[in-house]
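Notes for the structure review
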Amino acid sequence: MSKRKSSSAGDKPHKRAKPVEEEDANDHDSDQEDHLDAGIVESITLKNFMCHSLLGPFTFGSNVNFVVGNNGSGKSAVLTALIVALGGNAQATNRGSSLKGFVKEGESSADVSITLRNKGRDAYKPDVYGTAIVVDLRITREGLRTYKLKSKSGLLVSNKKEELLSILDNFNIQVNNPVSVLTQEMSKYFLHSKGEGDKYKFFMKATQLDQMREDFVYIKTTKHLTEDKVEQHSECLKDLKRKYLEKEDRYKSLASLDEMHTKLEELQKQMAWALVIPNNFHVMMQKKVEEAERKQKQSQEQVDGITQQLSELQSRCSVLKAEVQKRNATFKSSEVSVQKIISQTTGVESQARMEQIQRIQAELESLTHHISTLGQQIDQYQHACSRAKEEQGKMRSVDANRRNLQTMESSRSNRLRRFGEHVPALVNAIEEAYKKGQFKQKPRGPLGYHISLKDPEMALAVESCLKGQLQAFTCDNHEDERVLQGLMTRVLPRGRRPAIITSSFLPRVHDTRKRAVNHPEYPSVLQALEIEDPVVANCLIDQKGIESVLLIKNRTDARRVMQGRNPPQNCSQAFSKEGDQIFTNRTYTAEQTRANCLSGDVEEEIRCVYMCGCSVRVGLPLKTDQEVMRCKHHKKHYEEKRSAHLRNIQTLEANLESKEQELQAKKISPERLEVRRTARSLDSEISRLKVKITTQQEQQGDREEVVRYYHEALENYKNMAQKMKNLNGFIKSLDNVMNHRLQVYAELRRFLSARCKYYFDSMLAQRGYTGSMTFDHKNETLSISVQPGQGNKADLSDMRSLSGGERSFSTVCFVLSLWAITEAPFRCLDEFDVYMDMVNRRISMDMMLKVAAGQRYRQFIFLTPQSMSSLPVSKLIRILRLKDPDRSQNNTQRTQEEDE
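Residues numbered from 1 in each chain as written. Predicted model: local features only at pLDDT ≥ 70, side-chain atom pairs only at ≥ 80, totals over all residues. Heavy atoms only, no water.

The name that an unreviewed UniProt entry assigns to the protein chain is Structural maintenance of chromosomes protein 6, with the source organism given as Sparus aurata. A UniProt comment under Subunit (unreviewed entry) is attached to the protein chain, and it reads "Forms a heterodimer with smc5. Component of the SMC5-SMC6 complex which consists at least of smc5, smc6, nsmce2, nsmce1 and nsmce4a." Regarding the protein chain, the relevant UniProt record gives this comment under Sequence similarities (unreviewed entry): "Belongs to the SMC family. SMC6 subfamily." (UniProt positions renumbered as here; feature names shortened; annotations may be inferred.)

Below is the structure:
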């Protein structure tokens with residue numbers, strides 16, 4: 001704007017400083033009411049638009065703006081560009097049928113740039129756009145329209161039309177509304193038309209009541225379509241229900257077929273067990289279990305007896321020690337008395353005192369003898385206590401060996417028992433919980449169960465290295481860890497439990513090539529193990545670092561390798577075959593002499609444990625007759641047991657065929673059944689039942705298809721019924737909403753009509769006119785009657801009987817009344833005074849300026865060919881004069897601005 005002012009300063013030097021002062025005053029007023037003027041047009045620039053190479057930039061004031069110029073100077077082009085750039089279509093401008101018609105002849109594109117004010121509480125994204133929003137429109141020769149929405153600083157924010165629509169909605173800008181932008185053609189069609197229906201349409205369009213009515217029509221159409229769809233679905237629902245009932249009947253008829261299948265499975269199970277040869281294997285196993293429990297009970301009773309005897313001896317020993325101390329004290333006091341008596345003896349009392357001394361010495365000898373006897377008894381009791389403790393320890397060792405032997409024997413069939421008596425039950429519980437979905441990832445464990453040795457001789461070395469990790473379990477997350485702890489609490493007895501390691505499960509084994517030990521002769525623990533599960537391998541790598549531990553069979557070689565000058569790189573320690581642990585500066589001997597969990601030869605382990613138990617039992621002192629008798633009894637018992645085992649071997653060999661048949665039967669029926677019928681009778685009944693099932697299946701069809709068709713029909717019927725319910729609910733809600741909105745619509749239409757009448761009468765009264773405005777909403781007509789004189793002196797007449805100027809004045813009053821009942825940030829009128837005489841033009845102008853003065857937060861843009869020289873002086877009025885068109889050149893343009 002400063003450039004245009006400097007260009008006009010030469011023509012009117014006495015007004016050079018005035019525009020700046022008026023602009024400051026305008027800014028002051030705008031600051032006071034900046035919360036109300038968001039969305040007004042600050043400037044507009046046209047390039048290659050219509051027949052103009054360049055128009056603008058035009059800087060508009062915040063209140064009243066007059067765009068003055070002769071025909072062809074570009075007034076209508078400015079208004080057309082405003083409509084098109086703010087989302088209007090080409091037909092709304094009445095200047096062309098398509099956008100490509102707005103591109104200047106000979107040019108490839110046309111550009112329009114509009115700056116909208118973005119201040120106050122109604123500003124749109126002020127933190128993004130700032131105090132102004134720049135809308136740049138480009139129209140190509142092909143008719144394509146592209147937008148660039150920029151901030152105050154010129155930064156591109158968006159190029160989507162949806163963002164422009166959001167901005168227009170926020171500012172309530174309606175370029176297609178004739179009240180906001182009234183073109184010459186729209187004015188001729190609506191206002192200067194003699195038809196009452198056209199005026200009613202103009203009123204409806206200006207107040208957006210026609211848009212509401214179109215929405216209601218669309219909703220009503222949608223409702224009718226929904227009702228038609230409901231009617232169609234009702235017929236379809238009946239057909240689906242009929243199909244569903246047919247499928248349901250066939251589905252219910254499958255019940256008898258299911259009963260026959262169940263009976264057939266039961267007969268097949270009985271047939272499988274009927275073929276098994278009866279044997280007493282389970283009875284003999286039950287007897288073995290009872291015998292082992294009886295021996296355990298006897299051993300426990302012996303341990304309890306020895307413990308009780310030991311406690312009694314300890315208490316008696318304490319009493320004897322106290323008595324010895326008492327006698328020693330008495331003896332010392334007696335010696336003191338004797339010496340005192342000897343020192344005090346004189347003459348006649350000497351003999352009596354000697355007799356007393358002899359008597360006391362005799363008592364002392366007796367006490368000394370008694371003390372010696374008590375000391376021997378104490379030694380005997382202490383020896384007996386130590387013997388009792390040794391026997392108790394040996395009994396415990398025997399009991400531990402017995403339990404270990406039982407574990408070894410049970411591990412013949414189940415390797416899991418080598419890791420604990422209750423570990424199989426725990427593993428089964430984990431499997432069941434995982435099937436039920438209680439674990440996110442199935443825990444692994446015990447870890448020793450998932451590994452195997454490539455070289456069985458290194459079992460003790462590997463077991464010494466891994467130690468407690470062999471019995472440990474690993475979980476993927478803490479939720480699974482809590483579930484596993486609950487299973488351990490329920491399955492395992494109280495006491496020490498296996499450790500739980502929580503670490504995320506990975507599908508691949510860790511890459512240990514950079515930190516692993518690589519020796520040409522001796523393997524690492526990781527290399528010596530076969531581990532199929534990468535989770536187990538990763539857990540042992542993380543917990544024990546098995547990739548950096550060497551296994552060397554010979555103890556001497558291990559020390560030489562580890563404790564030499566150049567120990568292997570990345571090697572933390574080594575283990576020998578005997579389980580010795582060798583570091584670079586120290587060596588530890590193994591705490592155990594054989595492998596308990598990783599030994600491959602179970603029979604050899606059982607033999608070693610048995611021999612160890614025998615040696616312990618032989619080492620017990622057999623000094624009493626009771627022990628000798630017990631040993632004889634044990635010998636006889638084990639001879640009988642040996643004979644029983646021989647008989648069992650013969651029985652087992654004889655029942656081998658029976659066991660094979662029993663195994664086949666368990667595959668069919670895991671639980672043993674008591675069968676009272678012969679295999680022949682069962683076979684004949686099974687054959688008859690199979691024939692009956694086949695016949696019924698041929699009549700009914702495939703069972704899976706019947707069940708699937710039934711469920712499909714049921715699902716289709718339920719879905720359609722739910723759709724019907726939803727549509728009926730939607731229609732009911734739509735009726736309620738429509739009834740309410742139609743009431744509101746009628747009330748709003750009545751209210752706007754009344755306000756429009758009131759403002760119309762007020763506008764006419766300013767010139768001394770009288771008139772009436774009659775709305776017929778039923779026939780959609782609006783009749784306006786105006787009388788130039790006083791209302792009581794002449795009758796009202798239709799606007800068609802008025803002169804051109806009077807009719808234009810009445811039209812202006814109608815437009816101003818519509819302005820009063822509608823909201824918009826700016827209003828544009830194109831050649832509003834074209835049909836007015838000077839008197840009506842002055843009166844209309846005064847009325848519009850008065851309205852504008854009362855609405856300083858609104859922007860008014862008037863396009864007129866008049867000079868507007870008679871306008872009053874006001875800081876709120878800005879006049880933009882367009883140069884007359886130059887037909888001999890390419891329509892160059894110059895703008896003069898006058899702030900008055």
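Structure shown, so let's carry the discussion forward.
On to the overall build of the protein chain. The secondary structure content of the protein chain amounts to 25 helices and 23 strands. Buried positions account for 41% of the 900 residues belonging to the protein chain. Counting only contacts in the protein chain whose residues sit at least 6 apart along the sequence, the fraction spanning at least 24 positions is 71%. Within the structure as shown, the protein chain displays about 51600 Å² of accessible surface, and the carbon and sulfur contribution to it stands at 49%. (Helix = DSSP H or I, 4+ residues; strand = E, 2+ residues; numbered from the N terminus. Buried < 20%, exposed > 50% of the residue type's maximum accessible area, 1.4 Å probe, protein only. Contact = heavy atoms within 4.5 Å. Areas by Shrake-Rupley, 256 points an atom, 1.4 Å probe, with all protein chains shown as cover.)

Right, let's talk about the pattern of salt bridges for a bit. Under the defined criterion, the tally for this structure stands at 22 salt bridges. R560 serves as the salt-bridge partner of D557, at 3.7 Å between the closest nitrogen and oxygen. Note that D557 and R560 are positioned in helix α18 (residues 555-562) at a spacing of three residues, about one turn of the helix. Classification of D557 by relative accessible area gives partly exposed; the value is 27%. In the salt-bridge network here, residues are joined through shared partners; they are D239, R242, K243 and E246. (Salt bridge = Lys/Arg side-chain N within 4 Å of Asp/Glu carboxyl O.)

Here we come to the nonpolar core. Nonpolar side chains in soluble globular proteins tend to end up buried together. With 51 residues, the main nonpolar core has F66, F203, F814 and L818 as its most contacted residues. Here this core takes nine residues from helix α24 (residues 804-821), the largest share from any one element. In terms of domain composition, this core takes at least three residues from each of domain 1 (36-177 + 828-886) and domain 2 (189-291 + 690-823). Excluding anything up to four places from it in sequence, F203 contacts L209, L752, S753, C756, F775, L782, F814, L818 and I821. (Core = buried A, V, L, I, M, F, W, Y, C linked by side-chain atoms within 4.5 Å. Domains from an automatic or database assignment.)

This part is about the sheet that holds strand β13 (residues 549-551). Taken together, the four strands give an open sheet; going across it, the order is β13-β14-β15-β16, and neighbouring strands pair in mixed fashion. Where the open sheet ends on each side, the last strands, each with one partner, are β13 and β16 (587-588). Here strand β14 (residues 573-575) pairs with strand β15 (residues 581-582) via two bridges, running antiparallel. Looking across to β15, one finds that F575 is bridged to Q581. (Pairing = 2+ DSSP bridges.)

Right, let's talk about the pairing of strand β21 (residues 859-864) for a bit. The buried fraction of β21 amounts to six of the six residues, a majority that puts the element mostly inside the structure. Neither face of β21 is exposed, since Q859, I861 and L863 on one face and F860, F862 and T864 on the opposite face are all buried.

We now examine the pairing of strand β3 (residues 64-68). Buried residues dominate β3, accounting for five of its five residues. Sheet topology note: the β3/β21 ladder contains five bridges and is parallel. Bridge pairing links F66 to F862 in β21. Both β3 and strand β22 (residues 877-882) contribute to a ladder of five bridges, which runs parallel. What sits directly across from V68, in β22, is R881.

Before going further, it helps to examine empty space enclosed by the protein. A full pass over the atoms with the stated rule returns six cavities of 30 Å³ or more. In this structure, the second largest cavity occupies an estimated 80 Å³ of space. Taken together, V41, I44, F60, V67, V78, L79, L82, I861 and L863 make up the full set of residues lining the second largest cavity. Of all the elements in the fold, those that place two or more residues in the lining of the second largest cavity are β1 (41-49), α3 (75-85) and β21. Ranked by residues supplied to the lining of the second largest cavity, first place goes to α3 with three residues. For the lining of the second largest cavity, the class distribution of residues is nine nonpolar, no polar and no charged. (1 Å grid on protein atoms, 1.4 Å probe; cavity = no way out; pocket = protein on both sides within 12 Å on 5 of 7 lines; lining within 4 Å. Points joined across faces, edges and corners; volume = space filled by probe spheres on them. Nonpolar A, V, L, I, M, F, W, Y, C, P; charged D, E, K, R; others polar.)

Here we come to the sheet that holds strand β2 (residues 52-59). What the six strands build is an open sheet, ordered β2-β1-β4-β5-β6-β7; its pairing is antiparallel. Both edges of this open sheet fall to β2 and β7 (156-158), since each of them pairs with a single strand only. Pairs of neighbouring strands in the sheet enclose a mean axial angle of 20°, with direction left out of account. Direction of pairing for β1 relative to β2: antiparallel, over a ladder of five bridges. Bridge assignment links I44 to a residue of β2, and that residue is F58. Where α3 meets the sheet, it contacts β1, β2, β4 (109-117), β5 (132-140) and β6 (145-150), and its direction lies at approximately 100° from that of β1. Across the sheet, helix α6 (residues 161-171) touches β4, β5, β6 and β7, and the angle it forms with β6 is around 60°. (Axes fitted to C-alpha atoms, helices over the stretch in contact; angles between N-to-C directions.)

Our focus in this paragraph is helix α15 (residues 478-491). Counted at 1.5 Å a residue, the expected span for α15 with its 14 residues is 20 Å, and the 20 Å between its end C-alpha atoms agrees. If you check which residues of α15 are buried, you get D480, E481, L484, L487 and M488. Projection of α15 onto a plane perpendicular to its axis shows the buried side chains occupying an angular sector of 120°, all on one side. Set apart from the buried face of α15 by more than 90 degrees, the exposed residues are H478, R482 and R490. The elements touched by buried residues of α15 are α13 (423-435), β10 (473-475) and β11 (500-502). Two or three places before E479, at the start of α15, stands the capping residue N477, its side-chain oxygen 3.1 Å from that residue's backbone nitrogen. (Expected span 1.5 Å × (residues − 1). Arc of directions from axis to C-beta. Polar contact = N/O pair within 3.5 Å; in protein donor to acceptor, adjacent residues only side chain to side chain.)

Mapped onto the fold, H422 is located in the loop between α12 (349-410) and α13. For the pair H422 and M488, spaced 66 residues apart in sequence, the C-alpha separation works out to 9.7 Å. In contact with H422, not counting residues within four places along its chain, are V491, L492 and P493.

This part is about the packing of α13 against α15. Packing of α13 against α15 leaves a shortest axis separation of 10 Å and a crossing angle of 135°. By the criterion of interaxial angle, the relationship of α13 to α15 is oblique. With respect to the hand of their crossing, α13 and α15 are arranged in right-handed fashion. Between α13 and α15, the residues in contact are A425, L426, A429, I430 and A433 and L484, L487, M488, R490 and V491, respectively. Residue composition of the contact of α13 with α15, by class: nine nonpolar, no polar and one charged. (Parallel < 35°, antiparallel > 145°, perpendicular 65-115°, else oblique. Left-handed = near helix turned anticlockwise from the far one by under 90°.)

A few words on helix α14 (residues 459-466). Counted residue by residue, α14 has eight buried out of eight residues, so it is predominantly covered. In this fold, the buried residues of α14 make contact with β9 (451-453), α16 (525-528), β12 (529-531), α17 (534-544), β13 and β14.

Our next topic: the packing of aromatic side chains. Scanning the model with the defined rule gives 14 aromatic pairs in all. Aromatic side chains Y200 and F203 sit 6.5 Å apart centroid to centroid with 45° between the ring planes, which places their arrangement in the tilted category. Here Y200 pairs with F203, and both are found in helix α8 (residues 196-206), just three residues apart, close to one helical turn. Between F203 and F775 the ring centres are 4.7 Å apart and the planes differ by 55°, which places this aromatic pair in the tilted class. (Phe/Tyr/Trp six-rings, centres within 6.5 Å; stacked < 30°, edge-to-face > 60°.)

The subject of this paragraph is unusual backbone geometry. Cis geometry marks the peptide bond from G445 to P446, where omega comes out at -10°. Relative to the helices and strands, P446 is located in the loop between α13 and β9. For K467, which is not a glycine, the phi torsion comes out positive at approximately 50°. Within the secondary structure, K467 sits in the loop between α14 and β10.

Further remarks concern the side chain of R878. Its place among the elements puts R878 in strand β22. Taking relative accessible area as the criterion, R878 reaches 5% and is therefore assigned buried. In this structure the side chain of R878 is engaged in a polar contact, spanning 3.3 Å, whose partner is the backbone oxygen of T59.

A separate point is the packing of α8 against helix α9 (residues 209-252). Running from N to C, α8 and α9 point in directions that differ by 85°, and their axes come no closer than 5 Å. In terms of orientation, α8 and α9 fall into the roughly perpendicular class. Contacts from Y200, F203, M204 and K205 of α8 reach α9 at L209, D210 and R213. Its residues assigned to classes, the contact of α8 with α9 shows four nonpolar, no polar and three charged.

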